[in-house]
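# An overview of the molecular structure
Take a look at the letters that make up each chain.
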Amino acid sequence: MAYKSLDSISVSDIEALGISSTTAENLFKQVSDIITNHGAATPESWNRISNNVLNPDLPFSFHQMMYYGCFKDFGPDPPAWLPDSGSAGLTNVGKLLEKRGNEFLGSLYVDPISSFSAFQVFSVSNPEVYWKTVLDEMDVSFAVPPECILREDSHMLNPGGQWLPGAYVNPAKNCLMLNSKRSLGDTVIRWRDEGNDDLPVCSMTLEELRKEVWLVAYALDTLGLAKGSAIAIDMPMNVKSVVIYLAIVLAGYVVVSIADSFAPLEISTRLKISQAKAIFTQDHIIRGDKVIPLYSRVVDAQSPMAVVVPAKDSNLSIKLRDGDISWQDFLNKVDNLRGNEFSAVEQPVEAYTNILFSSGTTGEPKAIPWTNATPFKAAADAWCHMDIRRGDIVSWPTNLGWMMGPWLVYASLLNGACIALYNGSPIGSGFAKFVQDAKVTMLGVIPSIVRTWKSTNCTAGYDWSTIRCFGSTGEASNVDEYLWLMGRACYRPIIEYCGGTEIGGAFVTGSLLQSQSLAAFSTPTMGCSLFILGSDGYPIPHNAPGMGELALGSLIFGASSSLLNGDHYKVYYKGMPVWKGKILRRHGDVFEHTSRGYYHAHGRSDDTMNLGGIKVSSVELERICNAVDSTILETAAIGVPPSQGGPERLVIAVVFKNPDSTTDLEQLRKTFNSAVQKKLNPLFRVSHVVPLPSLPRTATNKVMRRILRQQFVQQEQNSKL
């Protein structure tokens, strides 16, 4: 749709959007006054309009008219949100820079907003100073302090270096201990169960959380497992799963993260790779009127001994396998210790604390261990980029099976904030009401959730004015949908956040000290350096615009240095270019650096795709699709982004054994859907099935999925001409 410039919009144009004459005239006058004072096409005009004119009750079409009218001739990356010196000085980083900016940056320091980019460069070139400062700001407590912050490997055997060498620490203990960021009476978890949407929000204080975690930690020790043993969690993200997570880490065991949506085969694969000795699960999951079995899937996965938690606070309604134990019986073993402090198991910083999984380009998921340092990377990102601090209430619909689940726990608790958990579907009005009632201040999303909110208008009538900022991760976002999202909360900024399980957080994101453009990243994360590789395989100049495969500087605090089932060096470093004597770290996404200094993600450069925020390899999908019908010779799975931006769609290219096959492609798509959802993930959906006489291949017989992706996109474009 073509939009008029702001100074060309009339009262009748506004009325045409369904706005009454009186309101239209008032809006027109307000906008005209802003144009007179600040111009018709300036960022400051949009800043004034978004803050003083627009509100959630006005039609979104009017929001679009204002945004696109203001930036009609602006070009790429118009700023949807601008920082101001007053609020910037109140952020975590703003306070730090006002206090120590001259010390860090010398003559380069001007003020928090002007000097933020210089501070980011400083964080990379001075890791000793930066990370010591941030760990001190977060009041991190070590049982044995580190000998230094970073010890580099001059022989490049470990390109990522050794962080906090010699330190002993327990991240869960740091979440629970008293310091300047928290007191016993602080509320640290707020929650509500779906269906109880008209009841008051439940809450738990730090004192109550500590007692719950201590009790579970004592009960864990009755299982007789050696310290360092792996214990899986396959549960929804609720209060009990958070307590279990913290207790496993506090007691010196290793969490194995398994998403509650996984089919038995995927559960079994992760249990075997991690060599888990026990698993915590629920009898079932309740979503609205649906009761979804969970324990039965764990049984079908031939899991080790299971501790089974009831979905409701009542006795289990199912019969357990021999050797499994109910949650109540598990806790009853140590009921006499209730209220007694559990002595945290302090371990070397390089010890594993969590095993998570990320699909690679083979059929088996990569098993990525988080060390005791990784939680502090997650919390530091939140401290700096989302500005999470004491008094904040942080909600992010996720699961402990994905990195954002543990991230949410550490990002909130290590910064003295409160976790807000909705035990139900995040795509309905119940969740929208919970955000209002829990007074959420930082709301995390994935774009597909926002798309559903927008299409169903389920947030209408709810007050989200307590939100200070949004976070977004998992998949590519869409400008219109995120403009709509900002409008629900009086145009608070959206901090795009892109990283990976192996990073423990992000490598590129946004900041409350920088202008934020929709569907774009404004800065590398603190402590991270980004490189866009040119056609020759080497980095283009840092300040130059361009597009190519993304590489990372190798020295990233908290990032992975090993894989349980792979060669870490081969996966992340082998064949990568050397820059200033240091080998770069492979990431695999295609990124664009724009002329205005923003970054845009353009999907994977390898054979991994992102479906609804979940990374999955083509090989995993193809293995399932190849087996659904005897007429199929082979398939190729590709992720294709929509032309207007947004999450990738799953397209399956099919080669039939008989070139003259008359197979019903729509029925085949449904069959693929059923198989993928049953055997891999119920959240995945096949968008299109495309028949081909053969698949394009390299000279070494590798399928060129990139070529298929380009062909499909071109075919779509041609069909619209």
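Let me sum up the structure you'll find in this document. (Residues numbered from 1 in each chain as written. Predicted model: local features only at pLDDT ≥ 70, side-chain atom pairs only at ≥ 80, totals over all residues. Heavy atoms only, no water.)

### A few points about the side chain of Thr635
The following threshold applies: Helix and strand assignments come from DSSP, with helices taken as H or I runs of at least 4 residues and strands as E runs of at least 2, each series counted from the N terminus. Two N or O atoms form a polar contact when they lie within 3.5 Å of each other; inside protein one atom must be a possible hydrogen donor and the other a possible acceptor, and for residues adjacent in sequence the pair counts only when both atoms belong to side chains.
Structurally, the position occupied by Thr635 is in strand E34 (residues 632-640). Here the side chain of Thr635 touches Asn626 through a polar contact of 2.7 Å, side chain to side chain.

### Remarks on the packing of helix H15 (residues 374-386) against helix H16 (residues 404-413)
Let me state the cut-off plainly: Between the N-to-C directions of two axes lies an angle of 0 to 180 degrees, each axis being a line fitted to C-alpha atoms and, for a helix, fitted only over the stretch in contact. Two helices cross in a left-handed way if the nearer one is turned anticlockwise from the farther one by less than a right angle. They cross in a right-handed way if the turn is clockwise. We call two residues contacting when some pair of their heavy atoms lies within 4.5 Å.
In contact at an axis separation of 8 Å, H15 and H16 are set at 65 degrees when each is read in the N-to-C sense. In this structure, H15 meets H16 at a crossing whose hand is right-handed. Contacts from Pro375, Ala378, Ala379, Asp381, Ala382 and Met386 in H15 reach Trp407, Tyr410 and Ala411 in H16.

### Some details on the nonpolar core
Formally: Only buried residues count toward a nonpolar core, which is a set of Ala, Val, Leu, Ile, Met, Phe, Trp, Tyr and Cys residues joined through side-chain atoms within 4.5 Å. Throughout this description, buried means an accessible area under 20% of the type-specific maximum (1.4 Å probe, protein chains only), exposed means over 50%, and partly exposed covers the range between.
Of all hydrophobic cores here, the largest spans 158 residues; its most connected members are Trp46, Trp407 and Trp453. Among residues more than four places away in sequence, those in contact with Trp46 are Leu54, His63, Met66, Tyr67, Cys70, Phe71, Pro79, Ala80, Leu483 and Tyr491.

### Brief notes about the packing of helix H7 (residues 116-125) against helix H8 (residues 127-137)
Condition: In what follows, roughly perpendicular refers to angles from 65 to 115 degrees, roughly parallel to angles under 35, roughly antiparallel to angles over 145, and oblique to any angle outside these ranges. The residue classification treats Ala, Val, Leu, Ile, Met, Phe, Trp, Tyr, Cys and Pro as nonpolar and Asp, Glu, Lys and Arg as charged. All others, Gly included, are polar.
Their axes nearest at 5 Å, the elements H7 and H8 cross at an angle of 105 degrees. Between H7 and H8, the angle is such that the two are roughly perpendicular. Here H7 contributes Phe119, Phe122, Ser123, Val124 and Ser125 to the contact with H8, which in turn contributes Pro127, Val129 and Tyr130. Among the residues making up the contact of H7 with H8, the classes are represented as 6 nonpolar, 2 polar and no charged.

### A word on the pattern of salt bridges
Inclusion rule: Any carboxyl oxygen of Asp or Glu within 4 Å of a side-chain nitrogen of Lys or Arg constitutes a salt bridge here.
Throughout the structure, instances matching the rule amount to 24 salt bridges. The salt bridge partner of Asp136 is Lys132, with a shortest N-O separation of 2.9 Å. Linking Asp136 with Lys132, this pair stays in helix H8, spanning 4 residues, or about one helical turn. Looking at Asp136, the relative accessible area reads 44%, which means it is partly exposed.

### Some points on the sheet that holds strand E23 (residues 505-509)
Keep this limit in mind: By this definition, two strands are paired if DSSP reports at least two bridges between them.
Read from one edge of the open sheet, 3 strands run E22-E23-E25, paired in antiparallel fashion. Edge strands, defined here as strands with exactly one partner in the open sheet, are strand E22 (498-500) and strand E25 (523-524). Two elements, E22 and E23, share 3 bridges in a ladder whose sense is antiparallel. Residue pairing in the sheet places Cys498 in a bridge with Val508 of E23.

### What about the sheet that holds strand E5 (residues 187-193)?
Backbone hydrogen bonds hold the strands of a sheet together, and the pairing may be parallel or antiparallel. Pairing in this open sheet of 7 strands is mixed, and the strands run E6-E5-E18-E17-E19-E20-E21 from one edge to the other. Sheet topology places strand E6 (202-205) and strand E21 (494-496) at the edges, where each strand pairs with a single neighbour. Here the strands of the sheet are splayed against their neighbours by 20 degrees on average, with no regard to which way each runs. Bridge count between E5 and E6: 4 bridges; the pairing is antiparallel. Paired with Thr187 across the two strands is Thr205, which belongs to E6.

### Some details on the pairing of E23
Burial of E23 is extensive: 5 of the 5 residues sit out of reach of the surface. In this structure, the hairpin formed by E22 and E23 is closed by a connection of 4 residues, where Gly504 is found at a positive phi of approximately 75 degrees. Examined bridge by bridge, E23 and E25 share 2 bridges and lie antiparallel to one another. When the sheet's bridge partners are listed, Thr509 is paired in E25 with Thr523.

### Things to note about the packing of aromatic side chains
Let me state the cut-off plainly: To pair, rings of Phe, Tyr and Trp, with the six-membered ring standing in for Trp, must have centres within 6.5 Å; the planes then decide the type, stacked if under 30 degrees apart, edge-to-face if over 60, and tilted in the middle. Lysine NZ or arginine CZ positioned within 6 Å of the ring centre and within 35 degrees of the ring normal marks a charge as sitting over the ring.
For the structure on display, the rule yields 31 aromatic pairs. Between Phe104 and Phe119 the ring centres are 5.6 Å apart and the planes differ by 20 degrees, which places this aromatic pair in the stacked class. Remark: Phe119 occurs in helix H7 and Phe104 occurs in helix H6 (residues 92-105); sequence separation between them is 15 residues. Accessibility assignment for this pair places Phe104 and Phe119 in one class, buried. Aromatic ring contacts, followed pair by pair, group Tyr3, Trp46, Tyr67, Tyr68, Phe71, Phe74 and Tyr491 into a single cluster. When the ring centre of Phe262 is taken as reference, the NZ or CZ atom of Arg270 above it lies at 4.2 Å. Between the NZ or CZ atom of Arg585 and the centre of the ring of Tyr572, over which it lies, the distance is 4.5 Å.

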